[in-house]
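Listed here are the chains, written in short residue letters.
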Amino acid sequence: MMKLLPYTLIFLVVAVLTTNCNNTDPDENRHAAGISMTAGHPLTLEQADTVKEEYEVVKSEAEWRTILSSGEYRILRKRGTELPFINEYYDNKEEGIYYCGACGQPIFTSETKYKSGTGWPSFWQPIDPSAIGTREDNSLFMTRTEVVCARCGSHLGHVFEDGPEPTGLRYCLNSQALDFEKMDLSSVDVRNLPVKQ
């Protein structure tokens, strides 16, 4: 019986992670649908497998290990997942910009962040569709759509088709894949933000 305990615990952790990221209450605390920064650029999961072969930012795994913390490296470069509800940004309500934690590209704003009930930061739209790439992910005995940074190819999370209007998408991301900068969004053009150094 004691030999089965570690396997049971691993199974429970995996079940919690996959269930929470895959399920959401579609009526819970929807973000106001009046904000649309990419009008005329509808997003759908039909865009799956938009990952580039080559990225603007290319580093060896040894270089990534020196730049990123062990947790960031595990998520951004090894496609890991953090625990729900105890991560840094899932409940962040401050106004600002979310950047790729690996290369500093601006990818999401607080204007499109909403409470999905999953325990991870969730967004209904990136700043620009070209800021991210997607690919099919068949890990953990399921098929999902992985979201990566279009500038460096780092894993950010997954996207699902159970989000709020106007896109109907839910970008379920890892806090450790993101850097947040508090910012008055009315004073900046979010489409022309520089890469964060």
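Residues numbered from 1 in each chain as written. Predicted model: local features only at pLDDT ≥ 70, side-chain atom pairs only at ≥ 80, totals over all residues. Heavy atoms only, no water.

## Considering unusual backbone geometry
Right, on to step 1. Of note, the amide linkage connecting E165 to P166 takes the cis form, showing an omega dihedral of 15°.
Right, on to step 2. Here P166 is to be found in the loop between strand 7 (155-160) and strand 8 (170-173).
Right, on to step 3. The phi torsion at F85 lies on the positive side, around 70°, for a residue other than glycine.
Right, on to step 4. Position of F85 relative to the elements: it lies in the loop between helix 3 (70-76) and strand 1 (96-100). (Helix = DSSP H or I, 4+ residues; strand = E, 2+ residues; numbered from the N terminus.)

## Some remarks on the sheet that holds strand 8
The strands making up a sheet are joined through hydrogen bonds of the backbone, oriented either antiparallel or parallel.
Right, on to step 1. The six strands lie next to each other as 3-4-8-7-6-5, forming an open sheet whose pairing is antiparallel. Looking along the sheet, the strands with just one partner apiece sit at the ends: strand 3 (113-114) and strand 5 (132-137).
Right, on to step 2. Summarising the sheet, strand 6 (residues 144-149) and strand 7 pair through four bridges and their orientation is antiparallel. Following the sheet pairing, V148 is matched in strand 7 by H155. (Pairing = 2+ DSSP bridges.)

## Some words on the pattern of salt bridges
Right, on to step 1. Tallied over the full model, the rule gives 10 salt bridges.
Right, on to step 2. Where K93 meets D91, a salt bridge forms, and the shortest distance between an N and an O atom there is 2.6 Å.
Right, on to step 3. When its relative accessible area of 68% is taken as the criterion, K93 is described as exposed.
Right, on to step 4. Note that R135 is salt-bridged to E146, the shortest N-O span being 2.7 Å. With a gap of 11 residues between them, R135 in strand 5 and E146 in strand 6 connect regions that are remote in the sequence.
Right, on to step 5. Taken together, the salt bridges that share partners define one network made up of R79, R135, D137, R144 and E146. (Salt bridge = Lys/Arg side-chain N within 4 Å of Asp/Glu carboxyl O. Buried < 20%, exposed > 50% of the residue type's maximum accessible area, 1.4 Å probe, protein only.)

## Considerations on the confidence of the model for the chain
Right, on to step 1. Mean pLDDT for the chain: 82, with 73% of residues reaching 70 or above.
Right, on to step 2. The model gives residues 5-20 a pLDDT under 50, and that stretch makes 14 contacts with residues more than four places away or in other chains. (pLDDT = per-residue confidence, 0-100. Contact = heavy atoms within 4.5 Å.)

## Notes on the packing of aromatic side chains
Right, on to step 1. This structure, assessed with the given rule, holds seven aromatic pairs.
Right, on to step 2. Here the aromatic rings of Y98 and F180 are separated by 4.7 Å at their centres, their planes lie at 50°, and the arrangement is tilted. Here Y98 is found in strand 1, whereas its partner F180 is found in strand 9 (residues 178-182), with 82 residues between them in sequence.
Right, on to step 3. Overall, the relative accessible area of 14% leaves F180 in the buried class.
Right, on to step 4. Between the aromatic rings of F108 and Y171, the centroid separation amounts to 5.4 Å while the plane-to-plane angle is 55°, which identifies the pairing as tilted. Residue F108 is located in strand 2 (residues 106-109), and its partner Y171 is located in strand 8; the two are separated by 63 residues in the primary sequence. (Phe/Tyr/Trp six-rings, centres within 6.5 Å; stacked < 30°, edge-to-face > 60°.)

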